[in-house]
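Single-letter residue listing:
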Amino acid sequence: MKLKSSLSYLSIVIGSTLSLSAHADIILSQYVEGSGLNKAIEIANTGDASVSLDGYALAKSTNGSGAWENQLPLDGRTIPAHGVFVIANSQASSEILALSNETDNTVVNFNGNDPIALLLNGSEHDVIGAMGGSYFAKDVTLSRLADSLTPSSTYIAAQWTTAAANNIDGLGSLDSTVSTFTCEGESFTPIQEIQGEGSRSPLLSGSANTTDGEYAVQGVVSAVTTGLTKGFYLQALENDYNDNTSEGLFIYTGQSASDLQPGDVVCAKGKVSEYYNLTELLADNRQWVKLGEQAAPQATDIVPLESDDNFAQTLERYEGMLVNLPQNLDMRVTRTFSYDYDARRNNMVLAQGRLNTQPNQNFAAGSEQARQQSEENAQHRLFIESDQVADNGAIPYYPQFGRSDIDQDGSTEDYIRVNDTLSGAEGVLTYSYGDYRLIMTNTLTQDNFVHNSPRQSAPQLQQGNLRIATFNVLNYFNSPFGGDANPYGSNRGAKSDAEFEIQQEKIVRAILKLDADIIGLMEIENNGFGDGGAIHQLVEQLNLNIAEPENRYHYVAIDSNQDGEIDARDTVGTDAITTGIIYRSQAVTLATPRVIHMPSQQAPEVFDKDGNMIEDGKNYQRETLAPTFKVRANSGKEQELTVAVNHFKSKGSTCWEDAAAVADGGQGQQDADFQGSCENFRVAAAVALGEALKEIPGHQVILGDLNAYGKEDPLLVLTDYTPEKYGKTIHAARNTVINGETQFGDQGADITHGYGYLSALNMIHPDNWSYSYNDEVGSLDHILISPSLKTYVVDATDWHINAAESPLFDYTNKYKGDLPRYHDQYRASDHDPAVLELEMGGSVGGMLLVSLFGLLAIRRKA
């Protein structure tokens, strides 16, 4: 039923007698969150007298932050009896503006997860949405129901009915909806017939995504959702015994079906729609009714068929159903519970049968094999979701996560790791943001997980006599906590003494358990080599925990300003973070400290088609620290070993080539090969490194965070690249300069050969990985060796203490809630350390020793 005011807003205001006391009659009555800036809020007076809005304010809480940061005072406005006052965004459509009384671009600029409130004298009078960041009303219109015209300081979803985006029916008048749907005399279409055997409903004509007519269905409710999806899921009352048709269907209602529960038998009616490839029934005008009750449906095991082309096709057969993940389905955690920037919520990702590997880890960037890997990743992927946005530090469907430490060893038993197999997870299967998603309906415990790659308290390697490791320490900054000042930038690390204490202890524990003789460090603060330098403090903390003097660490210092002293003024490069090396003098002797200068890019500015500068063409790399050591071999003869520690340009930056691709109209194509940004600039760095090391005699190790996966261009250049072998031309960035000298000019350069280094990790573990991004794993952290070292290699591995673990275990307090804080080595960083074991002495090389005996002992040091 729709009630319209018979007089216009202005005609009633003029000369009217105002009532200032009928506050209870003022409500939020309509919310429009359409495409672009089609946004409006309607405020209604349901009473019989005009009401002044003095003391009221319309307010918005950005992303549900918990505070009403944006407010629009409404003093001086008046709403007539049974009238409304509409405030729209000034950039809304002409149709919306024609129905509006006023415009505002601050409060009326919401996107579906920004709660809106009507405040009265600063207190919440009526509210739409809940705090916390959940998308409660994205791309929808909400209208108040006729039986819910009472203001509420708590959002009650059942008081509202939902229409599609840009639907403005009733805007500008008191529009209250009463459901009169009874389901009597309807002819029911089976759920299986609506779903059909394909990815789209067979009831849809051609390319249409919504049917012209409406269909009635009946079934038993398996789940009710008001967060990620808004409606309820119906299970068919009768099985059609066709494995290719789903027995379930999502009924979209908006948010007003919270009076239903599993086991309710319901009739619903609406148009059939494919909403971004999810088959659903649009019953968003309260076209459903409860008919009775029966036992709630039991979850159905997902079972692949031989006829399924891939796992995505398997999931399509269960779309809309309440399902279970059985053990033999082998669903592997390929991203632990963490923030999903696409969906803007915390969730977890599984892959069927194996981890999702970054396309360029095993296949050359740009190759058909890499493209196929990306497609296969998508076909194996399943998101695990909670209906509502998770509280900080909590997994809604795993309440014990991170909260037990039964043996009191400082580590929790309740953890999830990448490569765990999850079984017994139940939920309704939906589809959004281009992926299948399981909205959980049951509770998990540690018993639901099999740790295929259990935690290891120390790296497990065969023993040699020299261990080398690489470790990205994730912004270890001590300057805010008594350390020397950083001349190059603000603090990127811990934000409090408590955070720094946890960070430092985690890193120290990890390095001690690495038990390496030479360790290359990345992301350590670049604040010099004085007593207050970050590297000095880290080594000091390490040595406090090492009893034997011969096992204590030293660090490589550089006299960068060449004044003959090593102090806080000496830094490596000009970034706030830098590379460092620590070593044990028991195993090696420092012969030559050295810095290899990396290229900068000094290219022209890049402008878009409107003449706006989008890139200034000035980009920089971090310098490479490359000291030479003398190694004390078992034979007594010393050998020279140069260890080059690197941290190449980030994938998340923007270099000239990336900006130029956008300016030339190549949006979406600049990362067609999955290398991220600045790959050409990283190639220039690889060439600079390769050329510099050619001039240094002895064995060589290249290690560090190269910001490139195993078969990306910089790695190919450092290893075995030729254009013929890989069928591609690798190009270095333009206008690069090294220490004031031109490296490559305006055209950049085509690279014609690699530098012949070998990946020690690939030699031992071809499936190695050290980093997890989104739901794909791969190696950004490398140990490359000169061919002269091949026969000395005993073992190499990634130690999965960081990338495999949940970010909820890192050192920061942000987003942790009341989760216990652990000072163990797990999640000391976001990159896993990589470790290389060499046997430098004797006449028989390490690789040969391993092949002959295979029984070398595990590392023995403290």
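These numbers were taken from a predicted model, which means no experiment stands behind them.

**Digging into the state of the cysteines**
Move 1: Per the stated rule, a full pass over the model turns up two disulfides.
Move 2: Note on cysteine connectivity: cysteine 183 is disulfide-linked to cysteine 267, with sulfurs 1.5 Å apart. Where cysteine 183 bonds to cysteine 267 through sulfur, the torsion about that S-S bond is close to 80°, and the disulfide is right-handed. One end of the pair, cysteine 183, is in the loop between strand 13 (160-164) and helix 3 (191-195); the other, cysteine 267, is in strand 17 (residues 264-275), and 84 residues separate them in sequence. Each of the two residues, cysteine 183 as well as cysteine 267, counts as buried.
Move 3: Disulfide pairing places cysteine 655 opposite cysteine 678 at an S-S distance of 2.1 Å. Negative torsions about the S-S bond denote left-handed disulfides, and the value of about 100° found for cysteine 655 with cysteine 678 makes this one right-handed. Taken together, the residues cysteine 655 in the loop between strand 41 (638-647) and helix 9 (656-663) and cysteine 678 in the loop between helix 9 and helix 10 (679-693) connect sequence positions 23 residues apart. Cysteine 678 carries the same exposure label as cysteine 655, and that label is buried.
Move 4: Look at the protein chain and number its bonded cysteines as they come in the sequence; the links are 1-2, 3-4.

**What about the confidence of the model for the protein chain?**
Close inspection of predicted coordinates is inappropriate for parts of the model with low pLDDT.
Move 1: Of the residues in the protein chain, 93% have a pLDDT of 70 or more, and the chain-wide mean is 91.
Move 2: Counted against residues more than four places away or in other chains, residues 1-24, with its pLDDT under 50, gives 39 contacts.
Move 3: Across residues 842-862, confidence stays below pLDDT 50; counting only partners more than four residues off in sequence or on other chains, it has 48 contacts.

**Describing the sheet that holds strand 10 (residues 116-120)**
Move 1: Pairing in this open sheet of four strands is antiparallel, and the strands run 6-5-10-11 from one edge to the other. Looking along the sheet, the strands with just one partner apiece sit at the ends: strand 6 (70-73) and strand 11 (123-128). Pairwise comparison of adjacent strand axes, ignoring direction, gives a mean angle of 25° for this sheet.

**Regarding helix 7 (residues 497-514)**
Move 1: For helix 7, spanning 18 residues, the distance from its first C-alpha to its last is 26 Å, which sits close to the expected 26 Å at 1.5 Å a residue.
Move 2: Residues Glu499, Phe500, Ile502, Gln503, Gln504, Lys506, Ile507, Val508, Ala510, Ile511 and Leu514 constitute the buried set of helix 7.
Move 3: Structurally, helix 7 contributes buried residues whose contacts are with strand 29 (466-476), strand 30 (518-525), helix 8 (534-543), strand 31 (553-555), strand 32 (577-584) and strand 52 (834-838).
Move 4: Just beyond helix 7, the residue with positive phi is aspartate 515, at close to 55°.

**Re the pairing of strand 2 (residues 26-33)**
Move 1: Most of strand 2 sits inside the fold, with eight of its eight residues counted as buried.
Move 2: The pairing of strand 2 with strand 3 (residues 39-45) spans seven bridges and is classified as antiparallel. Within strand 3, the residue paired with leucine 28 across the bridge is isoleucine 43.
Move 3: Once strand 2 ends, the chain turns through five residues before running back antiparallel as strand 3, passing glycine 36 with a positive phi of about 55°.
Move 4: As defined by bridge partners, strand 2 adjoins strand 12 (residues 140-144) across three bridges and the pair is classed as antiparallel. The residue bridging tyrosine 31 from the neighbouring strand is leucine 142, located in strand 12.

**Topic: the packing of helix 7 against helix 8**
Packed helices, taken two at a time, are described by their axes: the angle between them and the distance between them.
Move 1: Where helix 7 contacts helix 8, the two axes come as close as 10 Å, and the packing angle between them is 65°. The handedness of the crossing between helix 7 and helix 8 comes out as right-handed. Taken together, the residues of helix 8 that come into contact with helix 7 (itself represented by Phe500, Gln504, Ile507, Val508, Ile511 and Leu512) are Gln537, Leu538, Gln541 and Leu542.
Move 2: When grouped by side-chain class, the residues that make up the contact of helix 7 with helix 8 number seven nonpolar, three polar and no charged.

**Looking at the packing of aromatic side chains**
Move 1: In total, this model carries 18 aromatic pairs according to the counting rule given.
Move 2: Judged by centre distance (4.7 Å) and plane angle (40°), the rings of tyrosine 233 and phenylalanine 250 are tilted. Highlighted residues: tyrosine 233 in strand 15 (residues 231-236) and phenylalanine 250 in strand 16 (residues 248-252), separated in sequence by 17 residues.
Move 3: A residue is classified by how much of its surface remains accessible, and tyrosine 233, at 0% relative accessible area, is buried.
Move 4: An angle of 75° between the planes, with centres 4.7 Å apart, marks the rings of tyrosine 431 and tyrosine 436 as edge-to-face.
Move 5: For tyrosine 431, a relative accessible area of 14% gives the class buried.
Move 6: Here a set of aromatic residues connected by ring pairs shows up, and it is made of Tyr398, Phe401, Phe449, Phe809 and Tyr822.
Move 7: Sitting above the plane of the tyrosine 826 ring, arginine 455 keeps its charged end 4.1 Å from the centroid.
Move 8: The positively charged end of arginine 734 is found above the aromatic ring belonging to tryptophan 656, 4.5 Å away from the centroid.

**With respect to the pattern of salt bridges**
A pair can form between side chains of opposite charge whenever their charged atoms are brought close.
Move 1: Overall, the coordinates contain 36 salt bridges when judged by the stated rule.
Move 2: Of the charged contacts, one joins glutamate 505 and arginine 509 as a salt bridge, the two residues approaching to 3.1 Å between their closest N and O atoms. You can see glutamate 505 and its partner arginine 509 sitting in helix 7, four residues apart, about one turn around the helix.
Move 3: With relative accessibility at 27%, the residue glutamate 505 sits in the partly exposed group.
Move 4: Connected through salt bridges with shared partners, the residues Asp340, Arg345, Glu385 and Arg437 form a single ionic network.

**Details of the nonpolar core**
Move 1: Within the largest apolar cluster, 79 residues are counted, with the highest numbers of intra-cluster contacts made by Leu58 and Leu325.
Move 2: A total of five residues in this core trace back to one element, the largest contributor, which is strand 10.
Move 3: Counting residues in hydrophobic clusters, the runner-up holds 67 residues, among them Val572, Ile581, Ala760 and Tyr792.

**So, the domain arrangement of the protein chain**
One widely used convention gives an interface's size as the accessible area the parts lose upon coming together.
Move 1: We note that the domain assignment places domain 1 (26-164), domain 2 (191-297), domain 3 (311-451) and domain 4 (466-838) within the protein chain.
Move 2: Summarising the inter-unit geometry, the C-alpha centres of domain 1 and domain 4 are found 51 Å apart.

**Remarks on the sheet that holds strand 13**
Move 1: Pairing is mixed across the open sheet formed by six strands, whose spatial order is 9-8-3-2-12-13. Among the strands making up the open sheet, the edge pair consists of strand 9 (102-103) and strand 13.
Move 2: Here strand 8 (residues 84-88) runs beside strand 9; their pairing, made up of two bridges, is parallel. Residue pairing across strands places isoleucine 87 opposite glutamate 102, the latter belonging to strand 9.

**A closer look at the environment of isoleucine 87**
Move 1: In this structure, isoleucine 87 sits in strand 8.
Move 2: Assessed through its relative accessible area of 0%, isoleucine 87 is described here as buried.
Move 3: If we ignore the near neighbours within four places in the chain, the residues touching isoleucine 87 are Ala40, Ile41, Ile43, Leu58, Leu72, Leu74, Glu102, Thr103, Asp104 and Val108.

**Brief notes about the layout of surface pockets**
Move 1: Here the second largest pocket defines a volume of roughly 890 Å³.
Move 2: As for the second largest pocket, its lining consists of 34 residues, and the residues nearest its centre are Lys138, Asp139, Tyr252, Tyr275 and Tyr276.
Move 3: Breaking the lining of the second largest pocket down by element, the ones donating at least two residues are strand 16, strand 17, strand 18 (278-282) and strand 26 (426-432).
Move 4: In the lining of the second largest pocket, the residues fall into 16 nonpolar, 10 polar and eight charged.

**Some thoughts on empty space enclosed by the protein**
Move 1: Within this structure, the stated rule accounts for three cavities of 30 Å³ or more.
Move 2: Approximately 80 Å³ is the volume found for the largest cavity.
Move 3: Every residue lining the largest cavity is counted, 15 residues in all, and those nearest its centre are Glu525, Phe529, Ile535, Thr578 and Thr579.
Move 4: Counting only elements with at least two residues in the lining of the largest cavity, the list comes to strand 30 and strand 32.
Move 5: Per-element tally for the lining of the largest cavity: the top contributor is strand 32, with three residues.
Move 6: Here the residues of the lining of the largest cavity sort into six nonpolar, seven polar and two charged.

The rules behind each value
- Residues numbered from 1 in each chain as written.
- Predicted model: local features only at pLDDT ≥ 70, side-chain atom pairs only at ≥ 80, totals over all residues.
- Heavy atoms only, no water.
- Disulfide = S-S within 2.5 Å.
- Helix = DSSP H or I, 4+ residues; strand = E, 2+ residues; numbered from the N terminus.
- Buried < 20%, exposed > 50% of the residue type's maximum accessible area, 1.4 Å probe, protein only.
- pLDDT = per-residue confidence, 0-100.
- Contact = heavy atoms within 4.5 Å.
- Pairing = 2+ DSSP bridges.
- Axes fitted to C-alpha atoms, helices over the stretch in contact; angles between N-to-C directions.
- Expected span 1.5 Å × (residues − 1).
- Left-handed = near helix turned anticlockwise from the far one by under 90°.
- Nonpolar A, V, L, I, M, F, W, Y, C, P; charged D, E, K, R; others polar.
- Phe/Tyr/Trp six-rings, centres within 6.5 Å; stacked < 30°, edge-to-face > 60°.
- Lys NZ or Arg CZ within 6 Å of the ring centre and 35° of its normal.
- Salt bridge = Lys/Arg side-chain N within 4 Å of Asp/Glu carboxyl O.
- Core = buried A, V, L, I, M, F, W, Y, C linked by side-chain atoms within 4.5 Å.
- Domains from an automatic or database assignment.
- 1 Å grid on protein atoms, 1.4 Å probe; cavity = no way out; pocket = protein on both sides within 12 Å on 5 of 7 lines; lining within 4 Å.
- Points joined across faces, edges and corners; volume = space filled by probe spheres on them.

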